[in-house]
Each structure stands twice: as structure tokens, then as C-alpha cells.
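# Residue-level structure breakdown
The residues making up each chain are set out below.
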Amino acid sequence: MSLKDKLEVLADAAKYDASCASSGTSKRDSSKGGIGSTEGMGICHAYAPDGRCISLLKILLTNYCQFDCHYCINRKSSSVRRAAFTVQEVVDLTIGFYRRNYIEGLFLSSGIIRSPDHTMEQLVEVARKLREEHGFKGYIHLKTIPDADPEIVAQAGLWADRVSINIELPTSGALTRLAPDKSEQRITSTMGDMKNAIVEAKDASRKFKSAPRFAPAGQSTQMIVGADAATDVQIIDRASSLYRGYGMRRVYYSAFSPIPDASAVLPLMRPPLMREHRLYQSDWLLRFYGYEPFDIRDASDGGMLPLDIDPKLAWALKFRDAFPVDVNRAERERLLRVPGLGVKAVKTILATRRYRKLRLDDVARLTQSIAKVRPFIVTLDWRPTVLTDRSDLRRLLAPAQEQLELFAA
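Below is a summary of the structure that appears in this document.

Conventions and cut-offs
- Residues numbered from 1 in each chain as written.
- Predicted model: local features only at pLDDT ≥ 70, side-chain atom pairs only at ≥ 80, totals over all residues.
- Heavy atoms only, no water.
- Phe/Tyr/Trp six-rings, centres within 6.5 Å; stacked < 30°, edge-to-face > 60°.
- Helix = DSSP H or I, 4+ residues; strand = E, 2+ residues; numbered from the N terminus.
- Buried < 20%, exposed > 50% of the residue type's maximum accessible area, 1.4 Å probe, protein only.
- Lys NZ or Arg CZ within 6 Å of the ring centre and 35° of its normal.
- Axes fitted to C-alpha atoms, helices over the stretch in contact; angles between N-to-C directions.
- Parallel < 35°, antiparallel > 145°, perpendicular 65-115°, else oblique.
- Left-handed = near helix turned anticlockwise from the far one by under 90°.
- Contact = heavy atoms within 4.5 Å.
- Nonpolar A, V, L, I, M, F, W, Y, C, P; charged D, E, K, R; others polar.
- 1 Å grid on protein atoms, 1.4 Å probe; cavity = no way out; pocket = protein on both sides within 12 Å on 5 of 7 lines; lining within 4 Å.
- Points joined across faces, edges and corners; volume = space filled by probe spheres on them.
- Patch = residues over 30% accessible without salt bridge, like charges linked within 9 Å, V, L, I, M, F, W, Y side chains within 5 Å.
- Areas by Shrake-Rupley, 256 points an atom, 1.4 Å probe, with all protein chains shown as cover.
- Salt bridge = Lys/Arg side-chain N within 4 Å of Asp/Glu carboxyl O.
- Lys, Arg positive; Asp, Glu negative; His and termini not counted.
- Charge placed at Lys NZ, Arg CZ, Asp CG, Glu CD.
- Core = buried A, V, L, I, M, F, W, Y, C linked by side-chain atoms within 4.5 Å.
- Domains from an automatic or database assignment.
- Polar contact = N/O pair within 3.5 Å; in protein donor to acceptor, adjacent residues only side chain to side chain.
- Right-handed = clockwise from strand over helix to strand, strands pointing away.

Here the structure, examined in full by the defined rule, presents 8 aromatic pairs. Ring centres 5.1 Å apart and planes at 80° place the aromatic pair Tyr 253 and Tyr 280 in the edge-to-face group. With a gap of 27 residues between them, Tyr 253 in strand β7 (residues 250-255) and Tyr 280 in helix α8 (residues 273-288) connect regions that are remote in the sequence. There is no split in this pair, since Tyr 253 and Tyr 280 are both buried. An aromatic cluster is defined as three or more aromatic residues linked by ring pairs; in this entry it consists of Tyr 291, Trp 315, Phe 319, Phe 323 and Phe 376. One cation-aromatic arrangement involves Arg 287 over Trp 284; the distance from NZ or CZ to the ring centre is 4.9 Å. Here Arg 337 stacks its cationic end above the ring of Tyr 291, 3.9 Å away from the centre of that ring.

What follows deals with the packing of helix α7 (residues 232-246) against α8. Between α7 and α8, the least distance of the axes is 11 Å, while the angle of their chain directions is 40°. Relative to α8, α7 is oriented oblique. In this structure, the crossing between α7 and α8 has a hand that is right-handed. Within the contact between the two elements, α7 uses Asp 232, Ile 235, Ile 236, Ala 239, Ser 240 and Tyr 243 and α8 uses Arg 275, Leu 279, Ser 282, Asp 283, Leu 286 and Arg 287. Partitioned by chemical class, the residues of the contact of α7 with α8 number 6 nonpolar, 2 polar and 4 charged.

So, on to the layout of surface pockets. There is about 430 Å³ of room inside the second largest pocket. Along its surface, the second largest pocket is lined by 17 residues, and Gly 340, Leu 341, Gly 342, Gln 368 and Lys 372 are the ones closest to its centre. Secondary structure elements with two or more residues in the lining of the second largest pocket: α8 and α10 (311-318). If you tally residues by element for the lining of the second largest pocket, the top one is α8, at 3 residues. A class-by-class count of the residues in the lining of the second largest pocket yields 8 nonpolar, 6 polar and 3 charged.

What follows deals with a negative patch on the surface. A cluster of acidic residues, Asp 117, Glu 121, Asp 149 and Glu 151, forms a negative patch on the protein surface. Note on placement: Asp 117 falls in helix α3 (residues 116-133). Looking at Asp 117, the relative accessible area reads 31%, which means it is partly exposed.

Core analysis: the biggest nonpolar cluster contains 108 residues, and Tyr 71, Leu 108, Met 120, Tyr 253 and Phe 376 have the highest contact counts within it. Ranked by residue count, the leading element in this core is helix α2 (residues 87-99), at 7 residues. Taken domain by domain, the makeup of this core includes at least three residues from each of domain 1 (3-21 + 39-221) and domain 2 (311-397).

All right, on to the side chain of Ser 183 then. Its place among the elements puts Ser 183 in the loop between α5 (172-178) and α6 (184-207). Overall, the relative accessible area of 19% leaves Ser 183 in the buried class. Polar contacts involving the side chain of Ser 183 include one to the main-chain amide nitrogen of Gln 185, which spans 3.3 Å.

On to the environment of Arg 249. By secondary structure assignment, the location of Arg 249 is in the loop between α7 and β7. Taking the C-alpha atoms as reference points, Arg 249 and Ser 164, separated by 85 residues in sequence, lie 9.8 Å from one another.

To continue, consider the pairing of β7. Most of β7 is tucked away: 6 of the 6 residues are buried. A two-sided burial pattern is seen for β7, the buried positions comprising Arg 250, Tyr 252 and Ser 254 on one face and Val 251, Tyr 253 and Ala 255 on the other. This β-α-β element, strand β6 (residues 219-225) to α7 to β7, shows right-handed connectivity.

Keep in mind these numbers describe shape, not what the thing actually does.
The following block contains the structure:
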């Protein structure tokens, strides 16, 4: 198989992995030596610490696999076309694509070939060659294999900016049923070891300037949504435990997609993509807005988040006694609960009201839809009176449904 054919197969096979982002890595500039950079405009959309979009070569080392996970297109019983790169081919592709200004980094994952240890060694060797032999300073994200020897897995952090260890499914029962070759205990143990290594490296860097960098962008994970019967609340509860217990930088949610020759234990249809979107919104509420998992549970209906409105608005509609909030008096935590106000808007409100009282027009400049905010706030010249308690408030604030044309240009 030609290199071009391999690239076609293994780049397509990598598209199912959602955990591809570079936020949080340290800034590096190739003008100071070496090649590659984590800054600048960039095939896979990811973002540098300063918010700029960069592009990553996103591929699998191989889509051969010894495991037979029911939900995976590359499982050993699947009839997909197979291919495998050598270590040197991946290195040459990365350097060649960078020099053509196609990419600024690499996202590398793999199926399990020969053994977990052998596969993990190959992944690490790609990163090592790029760093040591080519002076590559661009972003590298490596998928790690929990079944591999812990010492080999730890080496990934020495060469990669971010490592990721997929939890795969939100419940241990689903993992046992749909991925019988994988062990939740091995996955979480590897996550714990990686967390400890990252913490130790950060402590060492504070004491010694010469301390080696270790996965400066931390670790991430991914959960498949809709392949089992787990509710949104169960998924968010699991995500919260991963953030708190293992120091995850990101938890990614990937809507299950039906695959050819699928197992009978899998659903026939994929979940609505909006469900994935609502989970990401809930994840943001946990990470940046001070919400707790029980708040997400309160916003849900029978464990599932509403699809027609976002979870923040759903919570506000259920707890109307917490509103309206006076933007000129309320503390930051209460302002962050107001639908339509983001973290930046709240920061601006807190800074501005030190000098003057805010009016409704002032708040309108900070949000995309003042109509969504008005029922929940009080300003110098605005009070919602009975608007907050209207029985049809949800209908008024829910986004209008749009009928799309199937064959529209």
C-alpha cells in the first residue's frame, strides 16, 4: 500500500476521536530554534493558549486492533480496510506537512497491534524522534494505552504536550458489556498515575529551571454518548468525578455513530447531535460557572437534559425564586446563574459597577440576546415585575424552530 493510500485510510479512521484540542499547552516559537510552533493560524481544528486556531495532522498509527469493542469501527471483527504506518513514515509525514505549512502539530492514536506495550512504544518513539532528531516544537497529542506497561505510558508525557486516556463509556456496566477487552480499573489506574506524574513535574519546575517538561497541557479523556442507556445526569456525574479525581483538562463527548456490521447490542440510530451539544454546555457550567452535578440533575427531566433550551436556562426556569438578580448589587456567583450572561460579561459588570450604576442598555451591549436576560435581572431603569413568573416564559425564550430544506443550495 502506498503512503498516500495509508494516509487516506488512517486519517479517515481517526475522525471518530473527538478529544483533539491543544488548549493549555505552553507557548513555543520556532523562531528561537527548531521547527514547529504552538502559535499561529493553521487540518484538525484546535486552539493554542492565546485562542488562535492551529491545525493538526490527525491520524492513527494503525487501524489493526486486537480488541473487539462493539462500538468501534476498527474492532478486530470489523471488515474495514486495514493499514499501518511505520514510525519513520509518521515522522516524515509530520515534518513534510509542516514544511508545506499544512499543519502545526500532530494528533496520534492507534489500534492495538502485536501487544499494548509494542503499540505504546511505537507511539512514544514517533514523538521522541520528532523532538530529539528534528527539533520539532509544535504541538503533539498522544493517545495512551492503559494496558501498556506504566513506565512506557509515562514516557509519553516526556515528549507530548497532552496525553489522553479514554474512559470510553460513562458506566462500568456499559464498558464491560460493550468493550469486554478493556478494564475500568486499568483505565482509571493509568489516569491516576498520569495525574501524579504531571503534579510532580509541575512541582519540580517550580524548584528547578532545568526540570524536564511533562505533558504541560495535561490529560484529557472521551466518553461515547448514546451507545448505552446512560442518562445525561449519569454522564455529567462521571465527568465531574474525572475532573476532580484525575485532574482532567477536558472531557470530550462523542455522539455514538452507527457503524457497518454493527453488533446487535448497539442502538440502530445515533442520538441527536443536540444532546452532545447540551452535554458540552453542562460541562462548561461545571468548569467555569460554579455549577455542581446536582444542579445539572435539577435542570434535567428524568435524567435527560432538554433539547430545546440550554441547561442554564432550564435551571433558571425551575428555580425562579432565585431571580431577578440585581446586576448592580449581586455577587459574582449569582450573576453567573443569569441565562445569557457569560463569564466575560459578568467580569465586565463587576468592573463597571465600581464606578457607576448599570442600565439595561449597558447589559445589552454585553450579551447576544437581551431578551433572554431581561426576565432574570434588575437594573437601574429595568425591573421585570411579573415577566419572571409568566407561565409561558419557556416558550418565549426557547429558540425558534427552523425548517431546513433537504436540497437547499
